[in-house]
Amino acid sequence: MTFANLLDLVGGMGRFQFIELVLLSFPAIMIASHNLIQNFSAGIPSHHCHIKAPANSSWGPNESLMDRDTLKAFIPLDQNQKPEKCLQFTEPQWWLLTLNATVENMTIDKKPCTSGWTYDRSVFSSTIITEWNLVCDWRTKRQMAQSIYMAGVLVGAVVFGSLSDRFGRRVILTWCYLQMAVTGTCTAFSPNFITYCIFRFLTGMALSGVGLNTTSLIVEWIPTRVRTIAGAIIGYFYTSGQIVLAGLAYSIPNWRHLQLTVSVPFFVYFLYSWWIPESARWLVMAGKPEQAVMVLKRVAKLNGKTKEGEKLSVETLGKDLKKEVTASKSKYSVTDLGRTPLIRRISICMTFVWFSTSFAYYGLAMDLQNFGISIYLIQVIFGAVDIPAKLISTITMSYIGRRITQTASLILAGTMILANIFVPYEMQTLRTSLAVLGKGSLACSFSCAFLYTSELYPTVIRQSGLGYVSTMARLGGIVAPMVKITSEYYPFLPLIIYGGAAMTSGIIACFLPETLNEALPDTIEEVENKIKKIKTLSNNGMTEKILLQDAVSTTC
């Protein structure tokens, strides 16, 4: 008897699996908010140098010149005839207030802002940009903050991936819920930029642990036949979180209040996570059959299979799952991700897939202000496109296969991103449409990658494998904001880098084995034997073909 058979014995996709799926899916809403919140908490409003009221003037000492025609006497205009963001005249140019006055072909001394900045607060009432003046010479701090957050997600993938293989999925998940609640709340009360970055880093760590252990618990408790649908459900909760974020950000324009709003729900998730049982599959592999039996009996009772559950014992479990119990006596580490041929190939291919998907995804999703339309509207559009994208992904994964879905989604995403290079900046609708299609394709890739990776790696190293590829994804997320800086040299360079990475990874994904309708592997040997069987069948087929040709030749 395999563990899949044991799941069917205690109810298959029963009441317990349904409740667990719902409870594990709800946090995905707020996870999406934390991932993308900096689009709003670090939104860059229109700004220009703050000009102090001239002596003996009728203006109040703190009055802004934002809407006064006299502003052009103090601040030069850029090529779009808007006030320069980072420069002001050395001396007031009162003559510019005269009718038809122009500064074309004239050199007037300018200097950086000396008295801070005046911000347009019609869209964002308060952001970390306006609070700590992260503009002009400090403008790269915005990308740095997001990269630090993604670095936290990367460290969390390494740390919590290993810890969950050692201490269990549910224990680490519960801890990560609490860490997200506490550090996310502390972020809202950060007194300065450095403190903000520290708490965002810790929040990113916890978020990674939540994602990894949620995936493992679902994959290890859900029967094979409905695993794809379960993965899609979580994906839709994440998608709804993107749309919810737009509504929250519109209703709560103050970044501190918004940050607090998306963090407090994790206290609730922390409390109810104690109900979620540990993965019985992990308990068996960790050499804890007594606890595995207790958990399986509890699940059987919830699924209305009490009699079947009562028949389970440590002895029967050891007999039925002899292979898994034997494997549990072996010790595994991250080095096993590259020790054997097929596992090594999977790890190499998934390195490119996860890095490029995250790299291109955050390159698009964290640059909403550059599309020239309402940031709230584009956030809703970017979230809504995931609905049909993930539906298509679910259908293709279920009927065509994981490998084709993974390959096609990455290549299509790369094509859409690269196509935007040739679209003039003035054609905002077309540029936005291509970006939306590219982002939807990357959502397909993410949806497929989570499930595909869980099915490719065996139970004994599944968390280590997920932790490793998640690390690669977060590395992509760290690099993505920095690539934006290259646009200051060549505006199209970020698109070439994002699109090229996605297309290259799509081609590399062709070398992954298919897992459609395959039982979840528990040991490394199972995975390696799979490729040996394929080679044997292939060789046998070739031999039969040669024998058939010889027979035909002899007959002729």
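Residues numbered from 1 in each chain as written. Predicted model: local features only at pLDDT ≥ 70, side-chain atom pairs only at ≥ 80, totals over all residues. Heavy atoms only, no water.

Undergrad: I'm lost on helix H17 (residues 341–365) in this one. Help?
TA: An α-helical turn contains 3.6 residues, so any two residues separated by three or four positions project in the same direction. In this model H17 runs 36 Å from its N-terminal to its C-terminal C-alpha over 25 residues, within 8% of the 36 Å that 1.5 Å per residue would give. With respect to burial, H17 is a largely interior element, 19 of its 25 residues being buried. (Helix = DSSP H or I, 4+ residues; strand = E, 2+ residues; numbered from the N terminus. Expected span 1.5 Å × (residues − 1). Buried < 20%, exposed > 50% of the residue type's maximum accessible area, 1.4 Å probe, protein only.)

Undergrad: Even after reading the chapter, I still don't get helix H23 (residues 493–508), so can you show me in this structure?
TA: For H23, built from 16 residues, the straight-helix expectation of 22 Å at 1.5 Å per residue is met to within 8% by its first-to-last C-alpha distance of 23 Å. When H23 is considered as a whole, its buried residues turn out to be Pro-494, Leu-495, Tyr-498, Gly-499, Ala-501, Ala-502, Ser-505, Gly-506 and Ile-508. Each element contacted by the buried residues of H23 is listed here: H17, helix H20 (402–419) and helix H22 (462–483). (Contact = heavy atoms within 4.5 Å.)

Undergrad: Would you take a moment to explain the confidence of the model for the protein for this structure?
TA: Interpretation of the predicted coordinates at a detailed level should be avoided for regions scoring low in pLDDT. Across the protein, pLDDT averages 81, with 87% of residues at or above 70. Of the regions scoring below 50 in pLDDT, residues 60–67 engages in 14 contacts with residues more than four places distant in sequence or in other chains. (pLDDT = per-residue confidence, 0-100.)

Undergrad: Mind showing me how you'd approach the packing of helix H2 (residues 15–25) against helix H3 (residues 27–36) here?
TA: Packed helices, taken two at a time, are described by their axes: the angle between them and the distance between them. In the contact formed by H2 and H3, the axes pass within 5 Å of each other and the chain directions differ by 20°. One element, H2, and the other, H3, form an angle in the roughly parallel class. In contact with Leu-23, Leu-24 and Ser-25 of H2, H3 contributes Pro-27, Ala-28 and Ile-29. A breakdown of the residues in the contact of H2 with H3 according to their chemical character gives five nonpolar, one polar and no charged. (Axes fitted to C-alpha atoms, helices over the stretch in contact; angles between N-to-C directions. Parallel < 35°, antiparallel > 145°, perpendicular 65-115°, else oblique. Nonpolar A, V, L, I, M, F, W, Y, C, P; charged D, E, K, R; others polar.)

Undergrad: Teacher, can you tell me more about the packing of aromatic side chains here?
TA: Two descriptors summarise a pair of aromatic rings, namely the distance from one centre to the other and the angle between the planes of the rings. All chains considered together, the criterion is met by 22 aromatic pairs. Judged by centre distance (6.0 Å) and plane angle (55°), the ring pair of Tyr-177 and Tyr-269 falls under tilted. Highlighted residues: Tyr-177 in helix H7 (residues 169–188) and Tyr-269 in helix H11 (residues 265–272), separated in sequence by 92 residues. Taken together, the aromatic side chains of Trp-354, Tyr-361, Tyr-362, Phe-446 and Phe-450 make up a single cluster linked through ring pairs. The positively charged end of Arg-200 is found above the aromatic ring belonging to Tyr-149, 4.0 Å away from the centroid. The ring of Trp-275 has Arg-298 sitting right over it, with the charged end atom 5.2 Å from the ring centre. (Phe/Tyr/Trp six-rings, centres within 6.5 Å; stacked < 30°, edge-to-face > 60°. Lys NZ or Arg CZ within 6 Å of the ring centre and 35° of its normal.)

Undergrad: Help me understand the state of the cysteines, please; the structure alone is not making it clear to me.
TA: Covalently bonding the sulfur atom of one cysteine to the sulfur atom of another cysteine gives a disulfide. Taken as a whole and judged by the stated rule, the model has two disulfides. Across a sulfur-sulfur distance of 1.8 Å, Cys-49 and Cys-113 are joined as a disulfide pair. On the sign convention where negative is left-handed, the bridge of Cys-49 and Cys-113, at about -70° about the S-S bond, is left-handed. Residue Cys-49 is found in strand S1 (residues 47–49), and its partner Cys-113 is found in the loop between strand S3 (110–112) and strand S4 (117–119); the two are separated by 64 residues along the sequence. Just as Cys-49 is buried, Cys-113 falls in that class too. Each sulfur of the disulfide joining Cys-86 and Cys-136 lies 2.0 Å from the other. Across the S-S bond of Cys-86 and Cys-136 the torsion is about -100°, and the bridge reads as left-handed. (Disulfide = S-S within 2.5 Å.)

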